[in-house]
Amino acid sequence: QQPVQSPQAVILREGEDAVINCSSSKALYSVHWYRQKHGEAPVFLMILLKGGEQKGHEKISASFNEKKQQSSLYLTASQLSYSGTYFCGTENNDMRFGAGTRLTVKP
Amino acid sequence: NAGVTQTPKFRILKIGQSMTLQCTQDMNHNYMYWYRQDPGMGLKLIYYSVGAGITDKGEVPNGYNVSRSTTEDFPLRLELAAPSQTSVYFCASSRGGGQAYNQPQHFGDGTRLSIL
C-alpha cells in the first residue's frame, strides 16, 4: 500500500515555511524523503527510523512518529532551490512511494 | 563516479515490439529496483532484487521481466510493448544488507520510453 502525502501542491514565497505530511496504513520500519526536480531523477534527502527521531538536511528537517505511522517534512526559510516535487517512501520488504507534493518557491 | 547508469536515455517503440532497458551500478550495492513514473505521478515499483540471482515483483510487474545475473546489472525487459507502458523508467540501487530499510536509494537518470 502506498503512503498518502498531503498537500498535493504548495506555493511559497522565499523565506516562508512549509510542512509536507506522509502517512501510512501499515506499520513502518522507516520513512525516506526524496526531492525531484523537473526532468531529473529523485535525489535522496534523508531517512528516518523508528524511535520518533528527527533529522535535518540544510534547513529541511523531518520527524517520524511510528505509533501514528506518520512522517512530516519541515522546510524552513524556503529558498528558490527548494522548488521541486517531494516524495516520501515507506519500506518494508520493498519500497512504496507517495504520489508527491509539488513545492513551488517564488521570489 | 558513475553511480547508476541507465541506457538508452530515450526510445520510441512501436506497439508489439520488445526491448531491454539496461541498468548498471558500480557501487557494489546488493539491492536494485526498477520504477516507472507516469507524467505528474509518483514512482511505482515494478521489480526489485536483493542480490544476484534473486528478484521479486513490486506493485506493477505485468508486462515486464527482469534478471539479475551479476551484482552490477539489472536489466528490465518489455515484451509486446503497449501504449500503457509509455513512461519514464528509473533504476535505483541501495546498499541493502541486514538493515536494508535504512539505506538511501541512488537513482539513475531515467529512460524516457514512448510506445506508439
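Could you give an account of the side chain of Gln5 of chain A, naming the residues involved and the relevant values?
Residues and elements named next belong to chain A. If you trace the backbone, Gln5 turns up in strand β1 (residues 4-6). Side-chain polar atoms of Gln5 contact the backbone oxygen of Tyr86, separated by 2.9 Å. At 3.1 Å, the side chain of Gln5 and the backbone nitrogen of Gly100 are in polar contact. Aside from chain neighbours lying at most four places away, what touches Gln5 is Ile20, Asn21, Cys22, Trp33, Tyr86, Phe87, Cys88, Gly98, Ala99, Gly100 and Thr101.

Tell me what's going on with the confidence of the model for chain A, and back it up with residues and numbers.
The share of residues in chain A with pLDDT of 70 or more is 92%, and the mean pLDDT across the chain is 89. Per-element confidence in chain A ranges from a low mean pLDDT of 64 for strand β6 (residues 54-57) of chain A to a high of 97 for strand β11 (residues 101-106) of chain A.

Provide a residue-level description of the interface of chain A and chain B, including the pertinent values.
Each partner contributes residues to the interface: chain A has 22 residues there, and chain B has 22 residues. Counting each side, the surface lost to burial between chain A and chain B is near 1,800 Å², with a carbon and sulfur contribution of 58%. Taken as a group, Pro42, Glu91 and Phe97 of chain A account for 23% of the area that chain A buries against chain B, more than any other trio of residues on that side. Inspection of the chain A/chain B interface yields one salt bridge. Put simply, Arg96 of chain A and Glu59 of chain B hold a salt bridge, and the shortest N to O gap is 4.0 Å. One can count four residue pairs in polar contact (both at pLDDT 80 or more) joining chain A with chain B. Contributions of two or more residues to the side of chain A that touches chain B are made by β4 (30-36), β5 (43-49), β9 (84-91) and β10 (95-97) of chain A. When grouped by side-chain class, the residues that make up the side of chain A that touches chain B number eleven nonpolar, seven polar and four charged.

Could you give an account of the state of the cysteines, naming the residues involved and the relevant values?
Tallying each qualifying case throughout the model produces two disulfides over all chains. Linked covalently through their sulfurs, Cys22 of chain A and Cys88 of chain A form a disulfide whose S-S length is 2.0 Å. Across the S-S bond of Cys22 of chain A and Cys88 of chain A the torsion is about 75°, and the bridge reads as right-handed. With Cys22 of chain A in strand β3 (residues 18-23) and Cys88 of chain A in strand β9, the pair connects residues that are 66 residues apart, well separated along the chain. The exposure class of Cys22 of chain A is buried, given its relative accessible area of 3%. The exposure class assigned to Cys88 of chain A is buried, which follows from its relative accessible area of 0%. Residue pairing for Cys23 of chain B: its cysteine sulfur links by disulfide to Cys91 of chain B, the two sulfurs lying 1.9 Å apart. The sign of the -70° torsion about the S-S bond sets the Cys23 of chain B-Cys91 of chain B disulfide as left-handed. Taken as a pair, Cys23 of chain B in strand β3 (residues 19-25) and Cys91 of chain B in strand β9 (residues 87-94) lie far apart in primary sequence, 68 residues in all. Here Cys23 of chain B and Cys91 of chain B have matching classes, each one buried.

The rules behind these values
- Residues numbered from 1 in each chain as written.
- Chains lettered and ligands numbered in written order.
- Predicted model: local features only at pLDDT ≥ 70, side-chain atom pairs only at ≥ 80, totals over all residues.
- Heavy atoms only, no water.
- Helix = DSSP H or I, 4+ residues; strand = E, 2+ residues; numbered from the N terminus.
- Polar contact = N/O pair within 3.5 Å; in protein donor to acceptor, adjacent residues only side chain to side chain.
- Contact = heavy atoms within 4.5 Å.
- pLDDT = per-residue confidence, 0-100.
- Buried area = accessible area lost by both parts, 1.4 Å probe.
- Salt bridge = Lys/Arg side-chain N within 4 Å of Asp/Glu carboxyl O.
- Nonpolar A, V, L, I, M, F, W, Y, C, P; charged D, E, K, R; others polar.
- Disulfide = S-S within 2.5 Å.
- Buried < 20%, exposed > 50% of the residue type's maximum accessible area, 1.4 Å probe, protein only.

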